[in-house]
Amino acid sequence: MARQHKPRLAVWKFASCDGCQLSLLDCEDELLAVAEKLEIANFPEASRAVVKGPYDLSLVEGSITTPHDAERIHQVRRASRYLVTIGACATAGGIQALRNFGNVKEFLSIVYAQPEYIETLNKSTPIADHVFVDFELRGCPINKQQLLEVISAFLHGRKPNTPPHSVCIECKLRGTVCVMVAHGTPCLGPVTQAGCGAICPTYHRGCYGCFGPKETPNTASLSQWWSHLGVSRPDLIRAFRSFNACAEPFRKESEVHEKN
Amino acid sequence: MRKTNSSSKSETIKVDCLARVEGEGSLYVRVREGRVVDVKFKIFEPPRFFEALLRGRNYSEVPDITARICGICPIAYQMSSCHAIEDALGIIVGGPLRALRRLIYCGEWIESHALHVFMLHAPDFLGYADAIQMAKDHSGVVQRGLQLKKAGNELVTLLGGREIHPINVRIGGFYKVPARSELGPVAERLKWAREAALETLRWAAHLPFPAIERDYEFVALRHDSEYPFNEGRIVSNKGLEIDVRDYDAHFLEEHVSHSNALHCLLKGRGAYLVGPLARYQLNFDQLSPWVREAAREAGLGPACRNPFQSIVVRSLEILYACDEALRIIEEYQMPESPAIEVQPRAGTGYGCTEAPRGILYHRYQLDDAGVIVDAKIVPPTSQNQKMIEEDLWQLASQSLQLPEDQLAWQCEQAIRNHDPCISCATHFLKLHVERD
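Everything quoted here is computed from the prediction, not taken from an experiment.

Cut-offs and rules
- For every chain, the first residue of the written sequence is number 1, and numbering continues from 1 onward in sequence order.
- Chain A is the first chain written and ligand 1 is the first ligand written, with later ones labelled in order.
- Whole-chain, interface and lining totals are the exception, using all residues; otherwise, since this is a predicted model, local features are given only for residues with pLDDT of at least 70 and side-chain atom pairs are given and counted only at 80 or more.
- Put simply, DSSP H or I for four residues or longer makes a helix, DSSP E for two residues or longer makes a strand, and each gets a number counted from the N terminus.
- Exposure classes come from backbone-placed C-beta atoms, where a residue is buried if 20 or more other C-beta atoms lie within 10 Å of its own, exposed if 12 or fewer do, and partly exposed in between.
- Note that contacts rest on C-beta atoms placed from the backbone: two residues are in contact if these are within 7 Å.
- With axes taken as lines fitted to C-alpha atoms, and helix axes fitted only over the stretch in contact, angles between N-to-C directions fall between 0 and 180 degrees.
- Here the angle decides the label: under 35 degrees means roughly parallel, over 145 means roughly antiparallel, 65 to 115 means roughly perpendicular, and every other value means oblique.
- Note on convention: near helix rotated counterclockwise from far helix by under a right angle means a left-handed crossing. Clockwise means right-handed.
- Only Asp, Glu, Lys and Arg are considered charged, only Ala, Val, Leu, Ile, Met, Phe, Trp, Tyr, Cys and Pro nonpolar, and every remaining residue, Gly among them, polar.
- By definition, the arc is the one covered by directions from the helix axis to the C-beta atoms.
- Pairing between strands is defined by DSSP: at least two bridges between the two strands are required.
- In predicted models, pLDDT denotes the confidence assigned by the predictor to each residue on a 0 to 100 scale.
- What counts as a domain boundary in this text is fixed by an automatic or database domain assignment.

Engineer: Please provide a residue-by-residue account of the overall build of chain B, values included.
Structural biologist: Looking only at helices and strands, chain B has 14 helices and 14 strands in total. When each of the 436 residues of chain B is scored for burial, the buried share is 57%. By sequence separation, contacts in chain B at least 24 residues apart represent 72% of the contacts at least 6 residues apart.

Quick look at the structure:
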């Protein structure tokens, strides 16, 4: 497609830790090359300069937790040709979505002396609950190589190649011995989407689910295996309730054990 | 985004979205009849309630969860939470495991300081909107900055598994520790980084600095024999010297009328500053002799009270962190076990470590099963917020003759001087979104 200008990239932040947008600045070897191919038109964490929209590609970090942000995401969508969400906050509501299982008023009063000053919603929700999202990049944090792949794919009008299979496949590819089979270490790898490179098993610990549920995860079976390994029900519930607690398969699995 | 609006009598400088800071904040300065009458450094980042969501979690999950407060300094959160919980459990991590914790912290200082020095702060001094624009004219400087940052990230990745939200830190130590031979390649890279840091220090020393001297009360950790990372007493240049567990008795959060954010104050004394300037003055004698010499060559005395020169002190701390990392690697012996045995018990623990931006205080109360009953986290940016506003009062008052856009830029810069991390501060700060 013919373009009059370099494609314009915008980076937007909602409730988050900044780690996923930092991943772009962490591309130390590639950042200047990326900046040659596209115009970094709106990226407040990195630049004072703001180029007016519309933007060809918007990367959105963070979840929706305030009435103001619930409005603002619609403005971002209107100004963006493609909108890609990056990280567990944007794709699943993040760790702050733990409030969704409790009472936000109670949370408020624990942290703030005068809760009436705080504007917040009862739930922390992913961006796709509010606007159409062209692509979701998983991870807490995202993998910077996958981020480059997504940017490159959108620049060239193709689908990003980010496999939806499990962390187990990455362990096999790395030649990492299965920590659950060999050492009896509880691991969320069988139900968690690949993308991190199976770091935890390589460091002798079980996967704790940063990339959220894989395609068609069998969480019930994994829970059973964890129980055989001696994991208690409260521990099992909390394992599914971390950074991707409100991703549907993880939320449902944790609720099954809460009800039983 | 940036608005100034003036009549013959009054003038308002507003920056609705501060750039090149981690997180979202805004700046508001009001001038009437040639006098600054109001200053607000506001934070409108949404709260995430970490202290609340930690309740009911097992002690072992805390370092993984608190890391998510900040993508830029996750190690600081992991270190403060580990030390606080270990305090509650009555264990002390020593020997090579202690050294490895210091080593991974060196990596975070290098990575975080390099990000700030080159990508967030330097463009202000050289008149660019960002580091990418700056790279067009100062390619060598920006490349050096990126590679320095990479050296820090490589160290964190080796010990932590990845640079953002590392997975290898746990209560009692690590999941896996490196063999001596695994540290070889990163040591080679750090030798280059140490040279690059020295060049950076010399370069930073010659940037143009506005003349301003502030009479700060500096607060930092101080340790008997080392420049502080994970341990020490909390001291100030104005007579404070307390144990970490006495933090709550000496510091408080105040609700001030001109802002709806909670400001940290020293009881009976007021605003204080944490971060590189504070660490430097309070621990100058703990720097290795040749790092002290490099400081002198760069024109730094044993104290630096010009906040704009924090870029020089940060560069010096990059140099120190590279040098210290190399010393630790040189002396490293692989421990027999990656972590010491931990048994849960009821108790309250306190931890304070030196995040790149200053002291980070954590306090946890555990029940006898090791479940978190109560948590308190005080990040450096909330401690600095009041002092940042005081900087703005002084700077705006003495720079009123500047054209409006330059004055606005200088005020923004005055905030960036302290590398505020708003994502960190917000789960703690009181917010009120004032819509203009």
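Resuming the write-up.
Engineer: Outline the overall build of chain A, supporting the account with residue identities and numerical values.
Structural biologist: The helix and strand inventory of chain A stands at 12 helices and 5 strands. Principal axes of the C-alpha set define a box for chain A whose edges measure 60 × 50 × 25 Å. Looking at chain A as a whole, 53% of its 260 residues qualify as buried. Within chain A, residue pairs in contact and separated by at least 24 positions form 72% of the contacts whose partners lie at least 6 positions apart.

Engineer: Outline the packing of helix 9 (residues 276-283) of chain B against helix 11 (residues 310-331) of chain B, supporting the account with residue identities and numerical values.
Structural biologist: Residues and elements named next belong to chain B. Relative orientation of the contacting elements helix 9 and helix 11 amounts to 65°, with a least axis distance of 9 Å. The angle between the axes of helix 9 and helix 11 places the two elements in the roughly perpendicular class. Between helix 9 and helix 11 lies a crossing of left-handed hand. Counting all contacts with helix 9, which are made through Pro276, Leu277 and Tyr280, the residues of helix 11 involved are Ser310, Val313, Arg314 and Glu317. Across the contact of helix 9 with helix 11, the residue classes tally to 4 nonpolar, 1 polar and 2 charged.

Engineer: Now, about helix 11 (residues 233-240) of chain A: what can you tell me, with residues and values included?
Structural biologist: Of the residues making up helix 11 of chain A, those classed as buried are Leu236(A), Ala239(A) and Phe240(A). All buried residues of helix 11 of chain A fall inside an arc of 90° around its axis, so they share one side.

Engineer: An account of the sheet that holds strand 1 (residues 8-13) of chain A is requested, with residue identities and associated values reported.
Structural biologist: Residues and elements named next belong to chain A. Spatial strand order, 2-1-3-4-5: 5 strands in an open sheet with parallel pairing. What marks the edges here is a single partner per strand, and that holds for strand 2 (39-42) and strand 5 (135-137). Averaged over all adjacent pairs, the angle separating strand axes in this sheet is 30°, with direction ignored. Looking at chain direction, strand 3 (residues 55-61) and strand 4 (residues 80-86) are connected through 6 bridges and run parallel. Counterpart to glutamate 61 in the pairing with strand 4 is isoleucine 86. Across the sheet, helix 3 (residues 67-78) is in contact with strand 1, strand 3 and strand 4; its angle to strand 4 comes to roughly 130°. Along the sheet, helix 6 (residues 144-155) contacts strand 3, strand 4 and strand 5; its crossing angle with strand 5, the most-contacted strand, is approximately 160°.

Engineer: Tell me about the confidence of the model for chain B, residues and numbers included.
Structural biologist: Residue and element names in this part refer to chain B. Within chain B, residue pLDDT values average 90, and 90% of them lie at 70 or more. Every residue in residues 426-436 is under pLDDT 50, and counting partners more than four places away or in other chains gives 36 contacts. With a pTM of 0.94, the predicted complex shows an ipTM of 0.96.

Engineer: Quick rundown of the domain arrangement of chain A? Include the residues and the values.
Structural biologist: Residues and elements named next belong to chain A. As assigned here, chain A comprises domain 1 (8-155) and domain 2 (167-259). The straight-line distance from the C-alpha centre of domain 1 to that of domain 2 is 25 Å. With 15 residues of domain 1 in contact, the opposing surface of domain 2 contributes 13 residues. At 3 residues, the largest contribution of residues to the side of domain 1 that touches domain 2 is made by helix 4 (residues 88-92). Class assignment for the residues of the side of domain 1 that touches domain 2 results in 7 nonpolar, 7 polar and 1 charged.

Engineer: I'd like a rundown of unusual backbone geometry, residues and numbers included.
Structural biologist: Put simply, Gly53(A) and Pro54(A) share a cis peptide bond, and its omega is 5°. As for its position among the elements, Pro54(A) is in the loop between strand 2 and strand 3. A cis amide bond links Cys140(A) with the next residue in sequence, Pro141(A), at an omega value of 5°. Of note in the backbone geometry, Phe49(B) takes a positive phi value of approximately 60° without being a glycine. Of note, Phe49(B) is situated in the loop between strand 4 (35-43) and helix 1 (50-54). Taking the C-beta count within 10 Å as the criterion, Phe49(B) has 26 such neighbours and is therefore assigned buried.

Engineer: Which residues make up the interface of chain A and chain B, and what values go with them?
Structural biologist: Of the residues lining the interface, 50 residues belong to chain A; the matching set on chain B comes to 49 residues. When contributions to the side of chain A that touches chain B are tallied by element, the ones reaching two or more residues are helix 1 (19-25), helix 2 (31-37), helix 3, helix 5 (104-111) and helix 9 (199-202) of chain A. For the side of chain A that touches chain B, the element with the highest residue contribution is helix 1 of chain A, accounting for 5 residues. The residue makeup of the side of chain A that touches chain B, split by class, is 28 nonpolar, 11 polar and 11 charged.

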